[in-house]
Amino acid sequence: ISSLPRTKNPNVHISHQVIHTLTAAHTTARSTKIHRMPPRIAIKCVWSGARQTIPPSSLTPKTTLAELLEPIRATLPPLVLEQGELLYVRQCIKASEWPSTTLKMLGIGMEDGGVLLTLQLPSSPPPIASSEPTAMEVDDTPTSDKMTPDQATQLILSSNFDTDSKECILTLCKMMDNVIAKPGNEKVRCIRLSNENFDGKVGSRRGGVEFLLACGFTYRPTVIPLLSKSTETPKPEFLELLPPNESTPTLLSARKALATTLLQELHVPSSEIPKMKTPPTKAAPAKRTNAEFDVFKTCSYNTQSAAVGANATTIGDGGLSTTERKLQTLQKKTRAAGKKDASFE
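Calculation criteria
- Residues numbered from 1 in each chain as written.
- Predicted model: local features only at pLDDT ≥ 70, side-chain atom pairs only at ≥ 80, totals over all residues.
- Heavy atoms only, no water.
- Axes fitted to C-alpha atoms, helices over the stretch in contact; angles between N-to-C directions.
- Helix = DSSP H or I, 4+ residues; strand = E, 2+ residues; numbered from the N terminus.
- Parallel < 35°, antiparallel > 145°, perpendicular 65-115°, else oblique.
- Contact = heavy atoms within 4.5 Å.
- Nonpolar A, V, L, I, M, F, W, Y, C, P; charged D, E, K, R; others polar.
- Pairing = 2+ DSSP bridges.
- Salt bridge = Lys/Arg side-chain N within 4 Å of Asp/Glu carboxyl O.
- Buried < 20%, exposed > 50% of the residue type's maximum accessible area, 1.4 Å probe, protein only.
- Left-handed = near helix turned anticlockwise from the far one by under 90°.

Caption draft 1: The packing of helix α6 (residues 162–181) against helix α7 (residues 196–203), seen in detail. Where α6 contacts α7, the two axes come as close as 8 Å, and the packing angle between them is 125 degrees. As far as their axial angle goes, α7 and α6 are oblique. Residue-level contacts link E167, C168, T171, L172 and M175 of α6 to F198, G200, K201 and V202 of α7. The residue inventory of the contact of α6 with α7, partitioned by class, reads five nonpolar, two polar and two charged.

In structure tokens:
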């Protein structure tokens, strides 16, 4: 700007003022620090499956792992604080390295939305094989067949990021509402596993399919062609809720568990949670009154009337045909006319 030639032209003088103003504003903008929201960091404890969220208010790129775990230090076992290991993106940081390892060194930036760190007990070397027989270990982890809807919901939370968990649980809420509000509708009770929308929000998230299985859904057996030469068992293509496996109380309880998880665990506003639908009430069958049928009145069926589309059933008319009824009507009119004539005489 200083090298620009000075002139008495007023237009050029105004241009110099504009350039000085823009330069000062640019310098001020560069010197102003951009405040960004710190990431939301969750710690997953392998030994219990629980997940704890770290308050993001005090996080900076220079925050060490020891300072990161300080808010939950009282809830951790002493062995973990002394010999534990923290895992993040194929990096294993031992407890002795926590005071000197910062978030920036791990590649965690302040612009990251959600970060999941795994905290585990110290890994031990494989045991030496022994010739003595040992008791067989039994895995007590509940499988999808033994899981309850509450356990499946916790599996979704502990295995996925908050954003993915929220999307999965909201989709399950809508699916449960459709099943509850539309009894007997097979369309909402049959799910194609290869559906792009279902697979992206529920099927690909651990715990999503397990939740549906806990609610009574089962895999539909895949039909194998007779001439097929493949020896492999085909993968199931559909999930379906059959009438023998459907329980309205179970579906209502599972739907309430989803809403509670969104409110208390993921802190989703109640305005974003779909309102729970109630099953429609069944209309009571109409009761027949005694006036509709009288055992003392005759009832006949006229096949000739049925052939031409007329009412073939006559109740309480003595079994008379249509011609006979018309004749009786004419006779009544004739008698009534005779009475009028007699009164004039």
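Caption draft 2: Fine view of the sheet that holds strand β4 (residues 91–94). The mixed open sheet is built from five strands, whose spatial order is β2-β1-β5-β3-β4. Single-partner strands in this sheet number two, and they are β2 (51–54) and β4. This sheet shows a mean twist of 25 degrees between the axes of neighbouring strands, independent of strand direction. In the sheet, strand β1 (residues 40–45) pairs with β2 via four bridges, with the strands oriented antiparallel. Paired with I43 across the two strands is Q52, which belongs to β2.

Caption draft 3: View of the pattern of salt bridges. A full pass over the atoms with the stated rule returns seven salt bridges. Between D162 and R51 there is a salt bridge, and its shortest N-O distance comes to 3.3 Å. Note that D162 is positioned in helix α6 and R51 in strand β2, a separation of 111 residues in sequence. Linking R205 and D164 is a salt bridge whose minimum nitrogen-to-oxygen distance equals 3.5 Å. With R205 in the loop between α7 and α8 (208–214) and D164 in helix α6, this residue pair connects regions lying 41 residues apart in the sequence. One connected set of salt bridges, linked through shared partners, spans D164, E167 and R205.

Caption draft 4: Structural context of the sheet that holds strand β6 (residues 190–192). With antiparallel pairing, three strands are arranged side by side in an open sheet as β6-β8-β7. The strands lining the two open edges of the sheet, one partner per strand, are β6 and β7 (218–219). Judged from the three bridges that link them, β6 and strand β8 (residues 238–240) form a sheet pairing that is antiparallel. What sits directly across from I191, in β8, is L239.

Caption draft 5: Representation of helix α5 (residues 149–159) in the model. The complete set of buried residues in α5 reads P149, A152, T153, L155, I156, L157 and S158. Residues of α5 that are buried sit in contact with β1, β2, α6, α8 and α9 (248–264).

Caption draft 6: Molecular detail of the side chain of T261. Position of T261 among the secondary structure elements: in helix α9. Overall, T261 belongs to the buried group, its relative accessible area being 6%. Every residue in contact with T261, bar those within four places of it in the chain, is listed here: T153, L157, I169 and L266.

Caption draft 7: Fine view of unusual backbone geometry. Positive phi values are uncommon outside glycine, yet H267 reaches one of about 55 degrees. Within the secondary structure, H267 is located in the loop between α9 and β9 (299–301). The class of H267 is exposed, set by a relative accessible area of 56%.

Caption draft 8: Structural context of the packing of α5 against α9. It is at 9 Å that the axes of α5 and α9 come closest, and there the two elements cross at 30 degrees. Judged by the inter-axis angle, α5 sits roughly parallel to α9. Crossing of α5 against α9: the hand is right-handed. For the pair α5 and α9, contact is made by P149, D150, T153 and L157 and by A254, A257, L258 and T261, respectively.

Everything listed here is a matter of geometry and, on its own, says nothing about what the molecule does.
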